[in-house]
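# Coordinates in review
Here's the letter readout for the chains.
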Amino acid sequence: MIRRKERAPTSRVRFGFARVDITPPVGIYHRMWGAARHDRATGVHRPILGDVLVFGSVDAPEEIRLVRAHLDLVGLVAQQYAALVTALGDAAGVDRDRVDVTFSHTHASGWYAPDRFGMPGGELIEPFLREVGRKLAEACGEATSGMREVLITYASGHCNMAADRDYRDEAFDGYVCGYNPEGNGDDTLLVGRLTEGDDRTAATVVNYACHPTTLAWENTLISPDYVGAMRDEVERVTGAPCTFALAPCGDLGPKDGFVGDIDAAEKNGRQLGFAALSVLMSMGPPGTDFEYRGPVISGATIGTWAHAAFGRERLHDVSIFGGGVYFVDLPMKKRQEPESLRDELARWSEAERAADAAGDAAEARTCGARAERARRWLARIANLPPGETYPYRFSVCRMGDAVWVACGGEPYSDLQAALRRRFPRYAILVSPLAGNVQVAYLLRKDAYGKGLYQEEPSSLAPGCLEILTGAIAERIEEVTAE
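Everything numeric in this text was worked out from a predicted model, so none of it was measured.

This brings us to the overall build of the protein chain. Secondary structure assignment for the protein chain yields 9 helices and 23 strands. Scaling as 2.2 N^0.38, a compact globule of 482 residues should have a C-alpha radius of gyration of about 23 Å, and the protein chain matches this with 23 Å. Partitioning the intrachain contacts of the protein chain with sequence separation of at least 6 by distance along the chain shows that 77% fall at a separation of at least 24. Counting every atom, the protein chain has about 19800 Å² of accessible surface; 51% of that belongs to carbon and sulfur. Once the 54 positive and 67 negative side-chain charges of the protein chain are each reduced to a mean point, those two points are 3 Å apart.

In structure tokens form, the structure reads like this:
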């Protein structure tokens with residue numbers, strides 16, 4: 001049957017927003033890359049920002065249903081994450097279950113795990129994170145006090161800045177983590193435009209799947225990576241804040257990445273910003289669907305369409321607000337023995353020192369990277385629960401024609417692609433890294449056993465991504481049931 005109406009996915013909600021600058025101090029521990037040869041950040045490329053978004057139902061004006069913080073940080077371990085959630089929940093006067101903290105995952109922001117406290121620049125980490133918690137709490141109070149009714153109009157497009165990064169190097173005889181010209185990465189870009197009663201744009205949300213790894217081991221500057229330039233481009237045109245919501249991208253990274261050149265990050269950000277603006281320009285007026293109006297006889301018989309304002313029933317549908325927090329048990333891999341990891345760390349650290357003393361920079365870098373892998377696994381084990389399964393937290397929030405999902409770790413982009421195929425009537429916005437980063441990657445079942453980088457740091461066993469996809473889909477089915 002030929003459609004006579006094109007729905008514009010929309011949420012009608014109460015909304016508040018506030019932004020704070022959470023740029024770490026120059027000199028803080030910065031080395032996120034095993035191949036890096038520096039410890040302290042030497043400067044700032046662009047500021048690191050924290051956005052707080054507060055949502056409520058138009059039918060319950062005194063109640064806050066969801067608090068989300070979008071931070072330009074790589075991620076935090078469980079205890080650090082919980083501290084921010086508590087600070088935001090207390091500021092908003094809501095239970096922690098109503099708070100999601102997500103990250104842009106920029107690898108140039110700094111790595112703040114507790115095992116870095118004793119390293120050069122590590123002494124600045126805890127005071128910095130306390131300040132972040134304080135600033136976010138203040139921002140949450142500001143966002144809460146400024147809540148007003150908005151319409152969020154969603155539309156999707158595409159941007160090929162990101163690409164599959166599971167590349168088979170035949171000469172190396174293995175997989176490397178880098179641009180794969182034969183891959184089929186998900187290039188979907190979802191944009192939400194938030195407008196107030198006078199149709200003024202109050203904010204935009206850009207949801208896109210791409211590791212912010214333009215800047216790598218040669219970069220010593222604190223940076224939001226491509227996200228900063230993207231925001232600037234969108235805000236320059238709209239005159240309103242643009243907040244970035246990373247989408248699941250365990251298998252995706254920038255085609256032009258792993259460099260030390262900040263111009264490459266600027267270029268990637270502008271590409272994504274231009275694509276987001278193209279999506280924004282494709283939208284009709286807020287609160288309208290696109291309807292067929294019939295033929296007009298002219299030199300040709302013209303089929304006319306027009307933007308039609310929502311009626312009462314449509315307004316009711318886009319105002320539905322529901323969902324909650326859920327858990328699913330995911331299988332875990334067999335744990336490595338801490339003692340063997342400590343031996344490995346000591347062995348590679350000594351080899352790094354010897355290579356440095358011999359003036360062999362390339363060998364020192366390789367040995368340092370091997371030591372870093374062992375160090376991270378030791379920290380990962382300390383943050384994992386006992387047992388053979390991981391109690392994995394995720395949230396599902398329906399807002400009218402949209403479903404906002406937050407989940408932990410770094411799932412492959414298959415997660416969002418599968419959910420969008422299953423629920424084509426809804427705008428599906430998925431944010432990973434909402435929880436303990438030590439879970440690491442959630443790969444497709446058929447991706448295990450190939451020697452991919454993502455399998456090495458992952459705490460989870462084959463089947464985890466498929467189980468999670470099914471669990472989230474089940475909850476979306478519940479909240480969208482009519």
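This is not the end of the story, as more comes after the structure.
This part covers the sheet that holds strand 17 (residues 301-309). Pairing within the open sheet is antiparallel, and its 3 strands lie in the order 1-16-17. Two strands bound the open sheet, and with one partner strand each, they are strand 1 (5-6) and strand 17. Pairing between strand 16 (residues 288-297) and strand 17: 9 bridges, direction antiparallel. When the sheet's bridge partners are listed, Gly294 is paired in strand 17 with Thr304.

We now examine the environment of Val58. Position of Val58 among the secondary structure elements: in the loop between strand 4 (49-56) and strand 5 (66-71). By relative accessible area, which is 16% here, Val58 ends up buried. Residues contacting Val58, with those up to four places away along its chain left out, are Arg12, Val13, Arg14, Glu149 and Ser319.

We now examine the pairing of strand 2 (residues 10-21). With 9 of its 12 residues buried, strand 2 lies for the most part within the structure. As defined by bridge partners, strand 2 adjoins strand 4 across 8 bridges and the pair is classed as antiparallel. Its bridge partner lying in strand 4, Phe15 is registered against Phe55.

Here we take up helix 6 (residues 338-357). Spanning 20 residues, helix 6 covers 29 Å between terminal C-alpha atoms, matching the ideal 28 Å at 1.5 Å per step. The set of residues buried in helix 6 consists of Leu341, Leu345, Ser349 and Ala355. One face of helix 6 carries all of its buried residues, which in axial projection span an arc of 125°. Facing away from the buried side of helix 6 by more than 90 degrees, the exposed set consists of Arg347 and Ala357. In this structure, the buried side of helix 6 is in contact with helix 7 (361-382). One or two residues past the end of helix 6 sits Gly359, with phi positive at roughly 80°.

Moving on: the packing of helix 1 (residues 78-92) against helix 2 (residues 125-145). Following both chains from N to C, one finds helix 1 and helix 2 inclined at 30°, their axes separated by 8 Å at the closest point. With respect to helix 2, the element helix 1 is oriented roughly parallel. Here helix 1 and helix 2 pass one another in a crossing that is right-handed. Residues Gln80, Leu84, Ala87, Leu88, Ala91 and Ala92 of helix 1 pack against Leu129, Val132, Gly133, Leu136, Ala137, Cys140 and Thr144 of helix 2.

Right, let's talk about the pairing of strand 11 (residues 188-195) for a bit. Burial runs high along strand 11: 8 of the 8 residues are buried. Across the two faces of strand 11 the burial is the same, with Thr188, Leu190, Gly192 and Leu194 and Leu189, Val191, Arg193 and Thr195 all buried. Here strand 11 runs beside strand 12 (residues 201-208); their pairing, made up of 7 bridges, is antiparallel. Bridge assignment links Thr195 to a residue of strand 12, and that residue is Thr201. Count of turn residues in the strand 11/strand 12 antiparallel hairpin: 5 residues, of which Asp199 carries a positive phi of about 65°.

Moving on, we get to the side chain of Glu410. Looking at the element boundaries, Glu410 is found in strand 21 (residues 410-411). Buried charge Glu410 goes without a salt bridge, the closest partner of opposite sign being Arg165 at 5.0 Å. Ignoring any residue separated from it by four or fewer positions in sequence, one finds Glu410 in contact with His105, His211, Gly250, Leu433, Ala440, Tyr441 and Leu442.

Turning to the pattern of salt bridges, a few remarks are in order. Taken as a whole and assessed by the stated rule, the structure comprises 33 salt bridges. Note that Asp232 is salt-bridged to Arg46, the shortest N-O span being 2.6 Å. Placement of Asp232 in helix 3 (residues 226-238) and of Arg46 in the loop between strand 3 (43-44) and strand 4 is noted, with a sequence separation of 186 residues between them. Classification of Asp232 as partly exposed rests on a relative accessible area of 38%. In this structure, the salt-bridge partner of Glu63 is Arg65, at a minimum N-O distance of 3.1 Å.

Let's shift gears to a nonpolar patch on the surface. A contiguous nonpolar surface patch, about 270 Å² in accessible area, is contributed by Tyr167, Phe172 and Val176. Examined against the element boundaries, Val176 turns out to sit in strand 10 (residues 174-177). Under the relative-accessibility criterion, Val176 is labelled partly exposed at 32%.

Our focus in this paragraph is the sheet that holds strand 6 (residues 99-103). Ordered in space as 6-5-4-2-7-11-12-14, the 8 strands form an open sheet in which the pairing is mixed. The sheet is open, and its two edges are formed by strand 6 and strand 14 (242-246), each paired on a single side. Within the sheet, the average angular offset between the axes of one strand and its neighbour, ignoring direction, is 30°. Sheet topology places strand 7 (residues 148-158) next to strand 11; 8 bridges connect them, and they run antiparallel. Bridged to Ser156 within strand 11 is Leu190.

Reading the values: rules and limits
- Residues numbered from 1 in each chain as written.
- Predicted model: local features only at pLDDT ≥ 70, side-chain atom pairs only at ≥ 80, totals over all residues.
- Heavy atoms only, no water.
- Helix = DSSP H or I, 4+ residues; strand = E, 2+ residues; numbered from the N terminus.
- Rg over C-alpha atoms; globule rule 2.2 N^0.38 Å.
- Contact = heavy atoms within 4.5 Å.
- Areas by Shrake-Rupley, 256 points an atom, 1.4 Å probe, with all protein chains shown as cover.
- Lys, Arg positive; Asp, Glu negative; His and termini not counted.
- Charge placed at Lys NZ, Arg CZ, Asp CG, Glu CD.
- Pairing = 2+ DSSP bridges.
- Buried < 20%, exposed > 50% of the residue type's maximum accessible area, 1.4 Å probe, protein only.
- Expected span 1.5 Å × (residues − 1).
- Arc of directions from axis to C-beta.
- Axes fitted to C-alpha atoms, helices over the stretch in contact; angles between N-to-C directions.
- Parallel < 35°, antiparallel > 145°, perpendicular 65-115°, else oblique.
- Left-handed = near helix turned anticlockwise from the far one by under 90°.
- Salt bridge = Lys/Arg side-chain N within 4 Å of Asp/Glu carboxyl O.
- Patch = residues over 30% accessible without salt bridge, like charges linked within 9 Å, V, L, I, M, F, W, Y side chains within 5 Å.

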